[in-house]
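# Overview (structure and organization)
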Amino acid sequence: MPPLSDRTRLIASATRRGQGRRPVNPPVERASTMLSDDPASMQDSTRGPVYGLDGTSAARELRAALADLEGASDAFLLPSGLAAVTVPLLALLRPGEEVVTSDAVYGPTRRFLTRHLAARGISTRFHPADASTAEILSLCGERTRLLLIESPSSLTFEVIDVPALATACKARGVLTVMDNTWAAGLAFRPLHHGVDVSVQAVTKYAAGHSDLVMGAVAVRDPGIARTILHTIEDMGWHVSPDDAWLALRGLRTLPLRYNEALKSALQVAEWLQARSEIERVLFPPLPGSVGHDLWRRDYFGGAALMGVVMKGGDKASAHALMQGLSLFGMGYSWGGFESLITHESPQLSHRLHTPALSGQLLRLHIGLEDPTDLVSDLEKGLEAWRALQDSNLQHPA
Ligand SMILES: *Cc1c(COP(=O)(O)O)cnc(C)c1O
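Quantities reported herein were computed from a predicted structural model and do not represent experimental measurements.

Bringing empty space enclosed by the protein into the picture now. A complete count under the given rule lists 3 cavities of 30 Å³ or more for this structure. Forming the walls of the largest cavity are Leu272, Ile278, Val308, Met310, Leu321, Ile341, Leu362, Leu364, Leu378 and Leu382. Where the lining of the largest cavity is concerned, the elements lending two or more residues are strand S9 (305–310), strand S12 (361–365) and helix H13 (371–394). The calculated volume of the second largest cavity comes to roughly 50 Å³. Surrounding the second largest cavity, Tyr205, Gly208, Arg257, Ala261, Gly335, Gly336, Phe337, His365, Ile366, Gly367 and Leu368 form its lining.

Bringing the packing of aromatic side chains into the picture now. Taken as a whole and judged by the stated rule, the model has 4 aromatic pairs. Measuring from ring centre to ring centre gives 4.9 Å for Tyr205 and Tyr258, while their planes differ by 80 degrees; the resulting arrangement is edge-to-face. You can see Tyr205 sitting in the loop between strand S6 (197–201) and strand S7 (215–219) and its partner Tyr258 sitting in helix H10 (residues 254–273), a full 53 residues away along the chain. We note that Tyr205, like Tyr258, is buried. For the pair Tyr205 and Trp334, a centre-to-centre distance of 6.0 Å together with 65 degrees between the ring planes defines the contact as edge-to-face. Remark: Trp334 occurs in the loop between strand S10 (329–330) and strand S11 (340–343) and Tyr205 occurs in the loop between S6 and S7; sequence separation between them is 129 residues. For Tyr205, a relative accessible area of 2% gives the class buried. Cluster of aromatic residues (ring-pair linked, three or more members): Trp182, Phe188 and Tyr299. Over the ring of Phe126 we find Arg110, and its NZ or CZ is 4.2 Å from the ring centre.

Moving on: the domain arrangement of the protein chain. When the domains of the protein chain are assigned, the result is domain 1 (6–252) and domain 2 (254–394). A straight line from the C-alpha centre of domain 1 to that of domain 2 covers 28 Å. Listed by partner, the interface residues are 40 residues for domain 1 and 41 residues for domain 2. Buried surface at the junction of domain 1 and domain 2, summed over both partners, amounts to about 3,400 Å²; 66% is from carbon and sulfur atoms.

Take the packing of helix H1 (residues 6–15) against helix H3 (residues 57–70) next. Taken N-terminus to C-terminus, the directions of H1 and H3 make an angle of 160 degrees; their axes are 10 Å apart at the nearest point. With respect to H3, the axis of H1 lies roughly antiparallel. Where H1 crosses over H3, the two elements pack in a sense that is right-handed. For the pair formed by H1 and H3, the contact residues are Asp6, Arg9, Leu10 and Ser13 on the first element and Glu61, Ala65, Asp68 and Leu69 on the second. By residue class, the composition of the contact of H1 with H3 is 3 nonpolar, 1 polar and 4 charged.

Okay, the nonpolar core next. Core analysis: the largest hydrophobic core is formed by 90 residues, its most contacted members being Tyr258, Met306 and Leu364. Here this core takes 8 residues from H10, the largest share from any one element. Taken domain by domain, this core gets at least three of its residues from each of domain 1 (6–252) and domain 2 (254–394). In this structure, Tyr258 is in contact with Trp182, Ala183, Ala184, Leu186, Ala187, Tyr205, Gly301, Gly302 and Ala303, ignoring residues within four places of it in sequence.

The next point concerns unusual backbone geometry. The residue after Ser151, namely Pro152, is reached through a cis peptide bond having omega -5 degrees. Within the element layout of this structure, Pro152 appears in the loop between strand S4 (144–150) and helix H7 (162–172). Although it is not a glycine, Leu155 sits at a positive phi angle of roughly 70 degrees. Inspection of the secondary structure puts Leu155 in the loop between S4 and H7.

Calculation rules
Residues numbered from 1 in each chain as written. Predicted model: local features only at pLDDT ≥ 70, side-chain atom pairs only at ≥ 80, totals over all residues. Heavy atoms only, no water. 1 Å grid on protein atoms, 1.4 Å probe; cavity = no way out; pocket = protein on both sides within 12 Å on 5 of 7 lines; lining within 4 Å. Points joined across faces, edges and corners; volume = space filled by probe spheres on them. Helix = DSSP H or I, 4+ residues; strand = E, 2+ residues; numbered from the N terminus. Phe/Tyr/Trp six-rings, centres within 6.5 Å; stacked < 30°, edge-to-face > 60°. Buried < 20%, exposed > 50% of the residue type's maximum accessible area, 1.4 Å probe, protein only. Lys NZ or Arg CZ within 6 Å of the ring centre and 35° of its normal. Domains from an automatic or database assignment. Contact = heavy atoms within 4.5 Å. Buried area = accessible area lost by both parts, 1.4 Å probe. Axes fitted to C-alpha atoms, helices over the stretch in contact; angles between N-to-C directions. Parallel < 35°, antiparallel > 145°, perpendicular 65-115°, else oblique. Left-handed = near helix turned anticlockwise from the far one by under 90°. Nonpolar A, V, L, I, M, F, W, Y, C, P; charged D, E, K, R; others polar. Core = buried A, V, L, I, M, F, W, Y, C linked by side-chain atoms within 4.5 Å.

Listed below in structure tokens is the structure:
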């Protein structure tokens, strides 16, 4: 039999035989204390967890399913996606060492690097978001211990050549950690390409319903796995059994939601790209977009998340566009069932190299609504944008 597809494996792990009569889904076991029958078995950790911090059955099943998806030997759960990024860095770096990452890295990750790690003697060098493989490698010096990859990058969606970077880093003894949230552990397999640690915010697509915050770290190398496990134990990180249960429920339908949202997003992106108010759409799955060529080479799918670069405009017109919509929620995060819009121009000021965009930057997350309805809604938003542009032309400030 050929290897099972992701869709099938994520479901087959729930229905496997030989476990006696039981519900399809593991129970939510709320526990701190676990009881044993006798003093000898109390000491025996091979008989299951001895304390709530060790994780109960929903967490165990979730870890196994995530590890299987990523082609990892183990996956660890963290209380947020951000914690899943910070834990491997805490585990693998020592004072005096250096991290190289993109100028377009996820904002809170950047804050952790420049605030927390810098204060502890670990410095960061930022490469331009659109740097070539050679440019990125030229920044890796004597002290560089780790390359932190996020591809596509946050907000501007540049795609970097991860297979080439992972291979080159391995040869130089530089560790690679990839924030793989965009691919949801599904559309890209960092570990298959030689990346040492693959991280995702389970908050986004895996959970998929905007109802919990969680992160996962997937690893293949036993030494790295041990170091990360020790850090999680030492820090006392824990994920609640209810959240693990919900995330496992979300994971069963991940491929269906992810692929359906991508189809809608492509439809919306094509429509947006043809509009006169819009300069360009930053969406690697869209032909002609930034990152499209590497995306086509390396990815099996993509997140329904895009940057929309307007022709000109200001904060007021961006806000007018957002106010003109009724189906897009105004809110951060993505990967849930609902469409969302955010105004991102203000976030770009944190970068060392501010990208040269011709106008305001908005970000759309396309959810599971009918894309035809979303396009009609966007039509209204663009009307509100145009109304403000026209009145600005008639009454210049
Ligand atoms: C959302 C996100 C995170 C953080 O996830 P949280 O669960 O919100 O902490 C990390 N990296 C990327 C790329 C994200 O989009």
